Every structure is written in C-alpha cells, then in structure tokens.
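A closer look at the structure
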Amino acid sequence: MALAIRFALFGCTNRPFFHIVVMEKRRAQRSGKIKEMIGSYDPMPNQDNQKLVAVDFQKLQQWLGFGAVPTKHVAELLGLGGFYPIHPMSYIKAKRKRKLMEKQPADMQAKEETQETAAIQVNEDTQPDSTEDASQ
Amino acid sequence: MAASMKCAWARCLSTILLNSTKHRCQISQPLYASCSNISGDSGEGGTDQTGQEAGLADDTKKHRRDPGKAFTDVRVQKILLRLTGLDLDKVYEYRAAKGAGVAKVALMSDQQLKKVYESASYKALRKLQMPPVLGAREPIDEVLSEDPELEGLNTSKLVFIDISQRVPLKKRTIVVREPNGTLRKASWEERDVTLQKYFPQSGRKIGLPRMFQQDNLECMLDDGKHEYILNRACSQFEIDDPEYIRVTQRTYEHIHSNGKFEDLRSTRHFGPMIFYFTYYKKIDKLLVAFLEEESLEDSVDLVKLYHIVHPSCKSAEKVASMPDPTPLEIIGAFAEMDATQKSLVQQAIQTYEKECDSTDSTQLRR
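The following paragraphs examine the structure supplied in this document. (Residues numbered from 1 in each chain as written. Chains lettered and ligands numbered in written order. Predicted model: local features only at pLDDT ≥ 70, side-chain atom pairs only at ≥ 80, totals over all residues. Heavy atoms only, no water.)

1. Concerning the side chain of His310 of chain B
The criterion, for reference: Helix and strand definitions follow DSSP, with helices as H or I runs of at least four residues and strands as E runs of at least two, each counted in order from the N terminus. Pairing of N or O atoms within 3.5 Å defines a polar contact, subject to two protein rules: one partner must be a possible hydrogen donor and the other a possible acceptor, and residues neighboring in sequence count only if both atoms are side-chain atoms.
Positionally, His310 of chain B belongs in the loop between α14 (296–309) and α15 (314–321). In this structure the side chain of His310 of chain B is engaged in a polar contact, spanning 2.8 Å, whose partner is the backbone oxygen of Thr278 of chain B.

The following block contains the structure:
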C-alpha cells in the first residue's frame, strides 16, 4: 500500500480541475477508491488572473503523520504555497521558461519584421502606377 | 416618539431583561450590558465611569480614526438604544422576502397576550442590534518570502486558502504567490472574495454589487431607499470595510441634507446614524428636528451623547460645572457654545418653549 497525496483529475475536455486527494498511488483516479479529499487546485486562471488552491492543512498533516507521501506535483504546489520548502523542480522549470522567453522575443521580432516587409511588397505591387494612368 | 410611550417602553424593556431568566443568555453581552443599566428613570447618566475610557477622553488624531472605542462605550450604547425606540409595528412590518410567512391569527386571553407582547418586544431587541461603527481597517502588507528565482514559472498568481474545519473566517490563512516569486498574505479585498467563494455567506455577492457604485447609489438614495441600502451594505460588507463606511456615510449625509431622520427610527441603523453625526459634530439639524417634534428627552439625550463622545468641548465643561441643570439648560448650553448653526438651534429652543407655555400641559422634567 503506497498511500499518496496526489492530484485526481476531474473536469472535462479542455477544462481540467484537480482534487487533492489521499489515495493509493497507482490507482486510477476516478475509480472511486479515494480515501479522503483534502483540497482542490484549479489550473486555469480566473478573471483576476488567479489560480485557486484550497488545502485542508489540518487533514494534510494528519495524513502525512499516517504515512501518506505527496507526489512530485503536489509537493511542488505545496512548496509554492509555503507549506514545504520550494521544490527544486520549481526552480528548474522557472529557469527553463525564462530561457525560452529570452529566445522567444528575438524570434518573434524577426518574424514580425519579415511579415512587415512582405506586406509592404504586396502593397507596392497592387497599387497602380500614377504615371501610367495619367498617360492613358 | 411620544414621551410617555418612550418611558413605557423603557419600563417594559427593563422588566423583560431583569425578570426573564430564560432569555438571559441569548442576548449579546454588550447589548445586555447597555440595557441592564436602564431602570426606567429619566435621563441622568447612571453610574459614571470616571475617565477610564481611553479614546473618549482625548480628541486626538488616533481617536478620530477609530470611532469604535467611543461607539462600544456602555453609556453611548445606552443612549443610542433609548433614542432608537421600539415601534413594534415598524419592527415587525411585513417585508416581501424569501421565507416570509403568512400572519397567524389567534384567540388569546389577556395574560397570554401580555406574554406574547413581552416575548415579541424581547425578540425585537435582537432585530435592533446595531451594526458597530468602526474605523476603516488597516491594509494587510505582509510579505512571507521573496523568491526571485521563481520568476517566469507562472504568469498568473497562485492563491492558497486553508480550508481546515472550524477556523473562524477572520483567522483563515490566505496567501498569494505572485508571478515574480513573492509569497505574501492576501489583501483584504482578495480575502473577502476568496472567502466568499469557499465559505459563501448568504446575501453576499462576490465583488462590488452594482447598486453600491456611486451613480447607482445616488439613484437609490433619491428614491428614498435608505433602510434597504443600509441593510444590504450590512450583509454585503464587513463593518470595517472602507466600502461599507463609504456607503453608510453617504446614506447618512443624504438623510441629513433631506432631513429624513425619522425614516430610520426604530431600526437598527438609527443608533449608528446618530453616532456618526455626533462623532463628526453635525448634530444641529438633528437637534432641531427633535425639538420640532417636541421630544425633549431625545434632545437632551443627544446633547448628553455629544458630551460623552467629546468630553473636552466647552458646553460639556459648563454643564459639568452647573449644580443641577434642567434639560433646557443643557440644550441651551450646547446651542450657545458648540452649535455650528447657533441661531437655528436657539430659534428651535425658543419655539419649543413657546409651545410648552401655550399648551400648558407639558412638565419640564428633571
């Protein structure tokens, strides 16, 4: 028995929603064998650009005392919330994303420039030459 | 409210409270404490607590920011309760609302009727519990941790709320992890919204209801819906929310400019309104209104309230020096020394005295 504190994916297509539950690590999440639900995590930001996480910390501590082990992603989330120290993967992911963002603007800029030049070319080709019209 | 009815109510109240042991534990302690001092006699201030109340004694900046200390004073509560009055017809007025039942008709003996009347009066006290007047809450500004290395992980904020059982709403931990990596405590606005999502309270909406936006509020006020606005503000906001203070103060000002003080009489908002005017020294128009109604007790109560809330004012010192002041003398002292619209108040006093002399029936009570 590997008792875990893990996410259980509910919601529907294109709309994920996680319950934070205590159940065996390898079980299917919708098998109905959840021991207890101790929170929720909504990965889609709301109107105020917030992702809501609710955790029953009293219950969490009880289950941790009972031997439940949080999974990687739950541990990351709890680290961000201040319950655990920040997970090393959080730092690594952040660094990777920063790197990507640094590259992306340069790529984006190059893309925009090529698009602009293409648009100008098109305009020049389609506009009638004024000297030609006048002569006709 | 006629003086005789007032006195009868005060007697009824004291009888209920002192004799009804069954209900004693239910009433809130501050309210009970304020009521138990009423013994049906006229307006002398009861046992004066000498200068122990910090916050009333000095009119400093700190005091100005926190009317709560003055409001919760027992003497203040006592006067406000007396001024509010108890009009059973108004308190038990039919309101079209969810759960409003059909009125029952019953055949009763005189004794049974008396009992029902008493219990109704007692229950009405609960309906007249005043929402406290407090200063605006201090903003929450606490940073728990700074982690700039998390920059770029999320483009949105992560809001964490503790949903443990049996934790009072005000003590629930709500923290926010910003996209730049800072972990901080949630602000009051964030707290209110998040708590309403996870622990919804009936009658509250998430975010500001459109009714309380400035333009819409003005429309409602012009329609005369003061009680409705105040009731809804009570259910929507926390009492130390700056929005609640804005809405209630705007409503009181509107009532003041239209002179419609009696609209709120015998509701739970009358006390806070009177206190607001007293605290911010705007009681002239109110005093004139009371005198025009010929309720001397109310007028004297108001001036006495003013003296309790602003003990350093000139008329308070003068009245304290007088050996045994009559009600009119107390009001006169206030009019002379502390009224902002002196002539108006003095004229009202003169008119009242004329009315008294002409009718010849009113006794100047001590």
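Don't stop here, the text continues.
2. A few points about the pairing of strand β1 (residues 3–12) of chain A
Residue and element names in this part refer to chain A. Note the threshold: Only when DSSP finds a minimum of two bridges between them are two strands counted as paired.
Bridge count for β1 against strand β2 (residues 15–24) is 10 bridges, and the pairing is antiparallel. In the strand pairing of β2, Ile5 is matched with Val22. Linkage of β1 to β2, two consecutive antiparallel strands, is achieved through a turn of two residues, within which Asn14 is found at a positive phi near 60°.

3. A short note on the nonpolar core
Here is the rule: Buried residues of nine kinds, namely Ala, Val, Leu, Ile, Met, Phe, Trp, Tyr and Cys, make up a nonpolar core once their side-chain atoms join them within 4.5 Å. Think of it in three bands: with a 1.4 Å probe and only protein chains considered, a residue is buried below 20% of the maximum accessible area for its type, exposed above 50%, and partly exposed in between. In this analysis, two residues are considered to be in contact whenever any of their non-hydrogen atoms come within 4.5 Å of each other.
Counting 52 residues, the largest nonpolar core has Leu80, Met273, Ile274, Phe275, Phe277, Leu287 and Ile331 of chain B as its most contacted members. Broken down by element, this core gets its largest block of residues, eight residues, from α14 of chain B. The contacts of Ile331 of chain B, once residues within four sequence positions are left out, are Leu287, Leu291, Leu296, Ser299, Val300, Val303 and Ile349 of chain B. Among the nonpolar cores identified, the runner-up in size contains 25 residues, and Val22, Val55 and Leu77 of chain A together with Val175 of chain B belong to it.

4. So, the interface of chain B and chain A
Note on interface size: it is often stated as the accessible area lost on association of the parts. In plain terms, the rule: Throughout, the accessible surface (probe 1.4 Å) given up by two parts as they are put together, summed over both, is called the buried area.
The partner chain A presents 29 residues to the 26 residues of chain B that form the contact. Here chain B meets chain A over a buried area of about 2,400 Å², counting both sides, of which 57% is carbon and sulfur. At the level of elements, β2 (157–162), β3 (174–177) and α8 (188–198) of chain B are the ones that each hand at least two residues to the side of chain B that touches chain A. Considering every element that reaches the side of chain B that touches chain A, the biggest residue donor is β2 of chain B, with six residues. Note: strand β4 (residues 50–55) of chain A against β2 of chain B, six bridges, orientation parallel. Within β2 of chain B, the position partnered with Gln50 of chain A by the bridge is Lys157 of chain B.

5. Structural notes on the sheet that holds strand β4 (residues 182–185) of chain B
Strands belonging to one sheet form pairs held by backbone hydrogen bonds; the direction of such a pair is parallel or antiparallel. Condition: To obtain each axis, a line is fitted to C-alpha atoms, and for helices this fit is confined to the stretch in contact; angles are then taken between N-to-C directions over 0 to 180 degrees.
Strand order in the open sheet formed by nine strands is β5(A)-β1(A)-β2(A)-β3(A)-β4(A)-β2(B)-β3(B)-β4(B)-β1(B), with mixed pairing between adjacent strands. Every other strand in the sheet has two partners, leaving β5 (69–70) of chain A together with β1 (143–146) of chain B as the edge strands with one partner each. Along the sheet face, α8 of chain B touches β3 (36–41) and β4 of chain A together with β2, β3 and β4 of chain B and points at about 60° away from the line of β4 of chain A.

6. Quick word on the pattern of salt bridges
A side chain with one charge may pair with a side chain of the opposite charge, provided their charged atoms come close. Residues and elements named next belong to chain B. The following threshold applies: Any carboxyl oxygen of Asp or Glu that lies within 4 Å of a side-chain nitrogen of Lys or Arg is treated as forming a salt bridge with it.
According to the stated counting rule, one finds 19 salt bridges over all chains in the structure shown. Linking Asp301 and Arg82 is a salt bridge whose minimum nitrogen-to-oxygen distance equals 2.9 Å. Taken as a pair, Asp301 in helix α14 and Arg82 in helix α5 (residues 74–84) lie far apart in primary sequence, 219 residues in all. With a shortest N-O distance of 3.1 Å, Asp298 and Arg265 are connected by a salt bridge. A residue pair is termed long-range when its members are at least 10 positions apart, and Asp298 in helix α14 and Arg265 in the loop between α11 (242–258) and α12 (270–279) qualify at 33 residues. The class of Asp298 is buried, set by a relative accessible area of 1%. Each of Glu262, Arg265, Glu293 and Asp298 takes part in one network of salt bridges that share partners.

7. Quick look at the packing of helix α13 (residues 284–292) of chain B against helix α17 (residues 342–359) of chain B
Residues and elements named next belong to chain B. Note the following rule: The cut-offs work like this: below 35 degrees is roughly parallel, past 145 is roughly antiparallel, 65 to 115 is roughly perpendicular, and the gaps in between are oblique. Any residue that is not Ala, Val, Leu, Ile, Met, Phe, Trp, Tyr, Cys, Pro, Asp, Glu, Lys or Arg is counted as polar, Gly included; the first ten are nonpolar and the last four charged.
Taken N-terminus to C-terminus, the directions of α13 and α17 make an angle of 10°; their axes are 9 Å apart at the nearest point. Looking at the two axes, α13 sits roughly parallel to α17. On α17, the residues touching Asp284, Leu287, Val288 and Leu291 of α13 are Leu344, Val345, Ala348, Ile349 and Tyr352. Its residues assigned to classes, the contact of α13 with α17 comprises eight nonpolar, no polar and one charged.

8. A few points about the packing of aromatic side chains
Applicable threshold: Stacked, tilted and edge-to-face are the three classes applied to pairs of Phe, Tyr and Trp rings, where Trp contributes its six-membered ring and a pair requires centres within 6.5 Å; stacked means planes under 30 degrees apart, edge-to-face means over 60, and tilted covers the rest.
The full count for this structure, using the stated rule, is 15 aromatic pairs over all chains. Note on Phe83 of chain A and Tyr84 of chain A: the rings are 5.2 Å apart at their centroids and 55° apart in plane angle, and the pair reads as tilted. Taking relative accessible area as the criterion, Phe83 of chain A reaches 26% and is therefore assigned partly exposed. Judged by relative accessible area, Tyr84 of chain A falls into the partly exposed class, the value being 26%. With a centroid separation of 5.1 Å and 55° between ring planes, the pair formed by Phe212 of chain B and Phe237 of chain B is classed as tilted.

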